[in-house]
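What the coordinates show
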Amino acid sequence: MRFLAAALFLPTILGEKLVIPEVRNSVSTQLAEFSGYKSDYVSPSTDDILPVSSDSEDKKVEERATTTTYWYETIAHQGISAFNANKATYKVYRNVKDYGAKGDGKTDDTAAINKAISDGGRCAPGSCSSSSTTNAVVYFPAGTYVVSSSIVMYYATNLIGNPNSMPTLLAKSGFSGFGVIDGAKYQSNGVLPYGATNIFWRQVRNFVIDITSIPASTEATGIHWPTAQATSLQNIVFKMSTNSGTKHQGIFIEEGSGGILNDLVFYGGLYGAVFGNQQFTVRNLTFNNAVTAIYQLWDWGWTYKNNCTVGLDMATRDSSAETVGSVTFFDSSFTNTKIAFNISRSTKSTPTTGGSLAIENVSLKNVPTAIQYGPTKTKLLAGTTGSTTIASWVSGNVYNPTGPKATAGAITPPTRPAVLISNGKFYERSKPSYANLASSSFSSVRSGGAKGDGLTDDTAALQKIISAAASAGRVVYFDAGTYKVTKTLLIPAGSKIVGEGYPVIMSSGSFFTNINAPQVVVQIGNPGDSGTVEWSDMIVSTQGAQAGAILIRWNLASPAGSPSGMWDVHTRIGGTTGSNLSLANCPSTPTSTTVNSNCIAGYISMHVSKTAARLYMENVWLWVADHDVDNNSLTQIKVYAGRGLLVESTVGTLWLVGTSIEHHVRYQYQFSKTQNIFAGQIQTETPYHQPNPGARQPFPLNTTIDDPNFDILCPQGSSPSTCSEAWGLRVSASKSVLIYGAGLYSFFNNFSTACSAKGASALCQTGIVQYDSASTKSFFIYGLNTVGAYGMVYRDTTKLADYSQNVNVFPSSIIAFTSNN
């Protein structure tokens, strides 16, 4: 397959094919370097690229040599896709050995694996835009699976291996294809399927990917992974050639709007990972004997948090312009590395803030050059042959809180509250796999009487199962399905809940319809309760008009040292079959000012209440649908939900890792009267319909939950219509709110993208970040990237940072902002 860089949409906005020429053109120059991975072009020279080797004591993903079975392999598989046209016969769970794969290290298993993925009329690349009804989990028992061409992923596919004895995907010497796993197979016209910013709800975890049998001189890739929100790669080992001149690479991402990558180990290769995407959060990657550990192809903003040995090359190959927007890199280590960071940003860089970099708490051991200016190989920051730590260093525009001040050097980093720190770094915690438990330790909700068919009221059955499991110390297993609830579902302290293929808890009925008396769909603990909860791999949703639905409320206070956790838990309002909030129900209406009350479908997506404390959230996406997922044209719709994430916890102590919140009416993130917050690469989008209507409608002002009062912020009659639009991030009367990377985007004005185009005469939105001067203290942002907003940051009603002074590759960027004078 030819690698047609000129044909790529970089990036495209959901449902739109919105081409951003400035990004596309500069990125195409970068992509040309990788043409050989899909064609016969010449690979780049390896001269002067960052060598990386590993310290044996670095943290690694564990390759287990045991043959212990995994509970998910032996549990009864009875999950369904509730709204699939053939739900009686459609299989969510597929074991590759049931389709003929041997895993014996000899047999070519390619066809069998691809059959397991494609079976049942699923959403295939090139023939389907997206789907909410053909989700699947493809399971790999322990073994070595030989493949001669790519394993081609379909939409909404989870590939899961046995974590107790991770299966190996072994590429044959004559392997053909772009990636042992191809997450989005290029079509004959050179275009990615689905649209990379529209690839949701998928995972790959627990694998060894071995491409060492492929000659070192042949371009080869472990995983090709253009992707968007609610997606992840976790617990994967990549084995590549370490021979001189190797052309192997572990991961290649060229487009999308991610996403999280965590717990990955790379051995060998020319590039451990090549990354190009609007934004991503990357955590706990280890590189061993790579020529270049990470090559940053392009971005708007990336956040790296690693306990590992890495080298980052973010220097542009396009002499006319930077293609990397900004990178935030912290809590990481480099060992035996020639050059830690290779950059190309200077005082003459175009655009003005292109190539911005923030470094904090990065340790060096035998690293001669900490930061190099790539074009001239000038040493910007010396390294050491011993050991040292970079406390802080930035290159970009800084606000304190006024600015901009162009800075290339050390700054005073934010003070980290001790309660957020573990072993000198921000606390982190990987999603539990419960690998040491037998299937007998799990309580299946379908076995317990819930139907999950999207029709039956499962409230009572689910509550009985969840309460009993918590009392007995069992793990609740949500088989794939859609579980309708008509009253609040309580998850008590001590609960552990895991889903199969993103099962959905869907609210329905009159209990949740009163916009003036909102009710909770899923409640974690009662106010005043203490203890811990673990919750992973699920979706909470609404059906039809649910104007009073608070989808998730977290009341639980977890003890110091034992936070609760949410991993890959998402909310989804509208846009799917069975939601009654799709194109047929809630079409976009740019020429009408009438609010369709049947499409007011959520009050708050998630509320962390005043009594809650100590919660770790990783890869959580709170989404109000902007388009119909099951419409092949991805046609836009108009659904209303009031508020995204509201955090009112008095004690606070929250970690938000790789979270994203989109299309809520009043705000996406709001931190109110809280404290001690870490958030690593947050991402937002303003509702596409605003300002028709604006943020005042259809949800009335609620001062008891500190709603932003747009009558004060944007006096009617004297403010532009773009003023009363949803805040991407609002901080009110809070302290120690630390944001490590933020991409806050406003692409549309009443469904038109003219306001976000380069050089637009009028932008989409007046302001996108706001905090108060009276009571908010120690509010800090690294790597703030905004699109379509005049004011990047407001203090009360005063604009502190204007987009025009911080222009980047497409967004505007501030590398460091602090509320402290």
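A brief structural summary. (Residues numbered from 1 in each chain as written. Predicted model: local features only at pLDDT ≥ 70, side-chain atom pairs only at ≥ 80, totals over all residues. Heavy atoms only, no water.)

Some remarks on the overall build of the protein chain
Looking only at helices and strands, the protein chain has five helices and 48 strands in total. Across its three principal directions, the C-alpha atoms of the protein chain cover 65 × 60 × 50 Å. Of all 821 residues assigned to the protein chain, the portion counted as buried reaches 67%. Taking the contacts inside the protein chain whose residues are at least 6 apart along the sequence as the reference set, 74% of them involve residues at least 24 apart. Per element, the accessible surface of the protein chain, about 24,500 Å² overall, is 48% carbon and sulfur. Between the mean site of the 57 positive side-chain charges and the mean site of the 53 negative ones, the protein chain shows a separation of 3 Å. (Helix = DSSP H or I, 4+ residues; strand = E, 2+ residues; numbered from the N terminus. Buried < 20%, exposed > 50% of the residue type's maximum accessible area, 1.4 Å probe, protein only. Contact = heavy atoms within 4.5 Å. Areas by Shrake-Rupley, 256 points an atom, 1.4 Å probe, with all protein chains shown as cover. Lys, Arg positive; Asp, Glu negative; His and termini not counted. Charge placed at Lys NZ, Arg CZ, Asp CG, Glu CD.)

Observations regarding the environment of Gly100
Here Gly100 is to be found in the loop between β1 (93-95) and β2 (104-108). Spatially, the C-alpha atoms of Gly100 and Ser562 are 44 Å apart, while their sequence positions differ by 462 residues. Sequence-distant contacts of Gly100, defined by excluding residues within four places in its chain, comprise Asp109 and Ala112.

As for the packing of aromatic side chains
Scanning the model with the defined rule gives 57 aromatic pairs in all. Between Trp71 and Tyr72 the ring centres are 5.7 Å apart and the planes differ by 75 degrees, which places this aromatic pair in the edge-to-face class. Note on accessibility: Trp71 and Tyr72 belong to one class, buried. An aromatic cluster of three or more residues is present, and its members are Tyr70, Trp71, Tyr72, Tyr93, Tyr139, Tyr434, Phe442 and Tyr477. Geometry around Tyr90 places Arg94 over its ring, the cationic atom sitting 5.2 Å from the centre. Taking the ring centre of Tyr603 as reference, the NZ or CZ of Arg643 above it sits at 4.3 Å. (Phe/Tyr/Trp six-rings, centres within 6.5 Å; stacked < 30°, edge-to-face > 60°. Lys NZ or Arg CZ within 6 Å of the ring centre and 35° of its normal.)

Quick notes on the state of the cysteines
Throughout the structure, instances matching the rule amount to four disulfides. Cys123 shares a disulfide with Cys128; S-S distance 1.9 Å. Torsion about the S-S bond of the Cys123 and Cys128 cystine: about -95 degrees, corresponding to left-handed handedness. For the pair Cys123 and Cys128, one class covers both residues: buried. In this model, Cys586 is linked to Cys599 through a disulfide, with the two sulfur atoms separated by 2.0 Å. Residues Cys586 and Cys599 are joined through a disulfide that is left-handed, its torsion about the S-S bond being -100 degrees. (Disulfide = S-S within 2.5 Å.)

A few points about the pairing of strand β5 (residues 157-161)
With five of its five residues buried, β5 lies for the most part within the structure. Every second residue of β5 is oriented toward a common face, with Thr157, Leu159 and Gly161 on one face and Asn158 and Ile160 on the other, all of them buried. Pairing of strand β3 (residues 136-140) with β5 involves five bridges; the strand directions are parallel. Counterpart to Val137 in the pairing with β5 is Asn158. (Pairing = 2+ DSSP bridges.)

Quick look at the environment of Ser118
Structurally, Ser118 is set in helix α3 (residues 110-118). In the structure, Ser118 is positioned 18 residues away from Ala136 in sequence and 9.4 Å away in space, judged by C-alpha atoms. Among residues more than four places away in sequence, those in contact with Ser118 are Arg94 and Tyr154.

So, helix α4 (residues 459-472)
Between its terminal C-alpha atoms α4 stretches 20 Å, which fits the 20 Å expected from 14 residues at 1.5 Å a residue. Turning to α4, its buried residues are Thr459, Ala461, Leu462, Gln463, Ile465, Ile466, Ala469 and Ala470. Close packing links the buried residues of α4 with β22 (442-444), β23 (453-457), β24 (475-478), β25 (482-485) and β26 (489-491). Following α4 by one or two positions, Gly473 has its phi on the positive side, about 75 degrees. (Expected span 1.5 Å × (residues − 1).)

A few points about the pattern of salt bridges
Tallying each qualifying case throughout the model produces 16 salt bridges. Residue Arg283 is joined to Glu618 by a salt bridge in which the shortest nitrogen-to-oxygen separation is 3.0 Å. Of the two residues, Arg283 sits in strand β12 (residues 271-288) while Glu618 sits in strand β34 (residues 613-618), which places them 335 residues apart along the sequence. Residue class for Arg283 comes out buried when judged on its relative accessible area of 1%. Taking relative accessible area as the criterion, Glu618 reaches 4% and is therefore assigned buried. Ionic pairing is found between Glu360 and Arg416, a salt bridge with its closest N-O pair at 2.6 Å. (Salt bridge = Lys/Arg side-chain N within 4 Å of Asp/Glu carboxyl O.)

A closer look at α3
Among the residues making up α3, those that are buried are Thr110, Ala112, Ile113, Asn114, Ala116 and Ile117. Considering only its buried residues, α3 is in contact with β1, β2, β3, β4 (144-152) and β5. Just downstream of α3 lies Gly120, where phi reads positive at about 95 degrees.

So, empty space enclosed by the protein
This structure, assessed with the given rule, holds eight cavities of 30 Å³ or more. If you add up the space inside the largest cavity, you get close to 290 Å³. Listing elements by their share of the lining of the largest cavity, those giving two or more residues are β28 (504-507) and β30 (534-542). Broken down by element, the lining of the largest cavity gets its largest block of residues, three residues, from β30. Residue composition of the lining of the largest cavity, by class: 11 nonpolar, 15 polar and one charged. (1 Å grid on protein atoms, 1.4 Å probe; cavity = no way out; pocket = protein on both sides within 12 Å on 5 of 7 lines; lining within 4 Å. Points joined across faces, edges and corners; volume = space filled by probe spheres on them. Nonpolar A, V, L, I, M, F, W, Y, C, P; charged D, E, K, R; others polar.)

Quick word on unusual backbone geometry
Omega for the bond connecting Gly403 with Pro404 falls within 30 degrees of zero, at 0 degrees, which places this linkage in the cis form. Take Pro404: it is sitting in the loop between β18 (378-399) and β19 (405-409). The omega torsion across Gln697 and Pro698 is 0 degrees, close enough to zero to call that bond cis. Summarising the element assignment, Pro698 is placed in the loop between β40 (675-685) and α5 (710-713). The backbone of Lys377 sits at a positive phi, close to 60 degrees, despite the residue not being glycine. Structurally, the position occupied by Lys377 is in the loop between β17 (356-373) and β18. Overall, Lys377 belongs to the partly exposed group, its relative accessible area being 47%. For Tyr434, which is not glycine, the phi dihedral falls at a positive 55 degrees. For Tyr434, the position within the fold is in the loop between β21 (425-426) and β22.

Things to note about the pairing of β30
Burial analysis of β30 places nine of its nine residues in the buried class, which makes it a mostly covered element. With three bridges connecting them, strand β27 (residues 496-499) and β30 associate as parallel partners. Among the inter-strand pairings, Val498 is bridged to a residue of β30, identified as Ser536. In this structure, β28 lies alongside β30, joined through four bridges in parallel fashion. Within β30, the position partnered with Ser507 by the bridge is Thr542. As paired strands, β30 and strand β32 (residues 564-573) are joined by seven bridges and run parallel to one another. In the strand pairing of β32, Glu534 is matched with Gly565.

A closer look at the side chain of Glu725
Along the chain, Glu725 turns up in the loop between α5 and β41 (727-732). Here Glu725 is buried and forms no salt bridge, its nearest opposite-charge partner Arg696 lying at an N-O distance of 10 Å. With residues near it in sequence (within four places) discarded, Glu725 still touches Thr686, Gln690, Pro691, Ala695, Phe710, Ser746, Asn749, Cys764 and Gln765.

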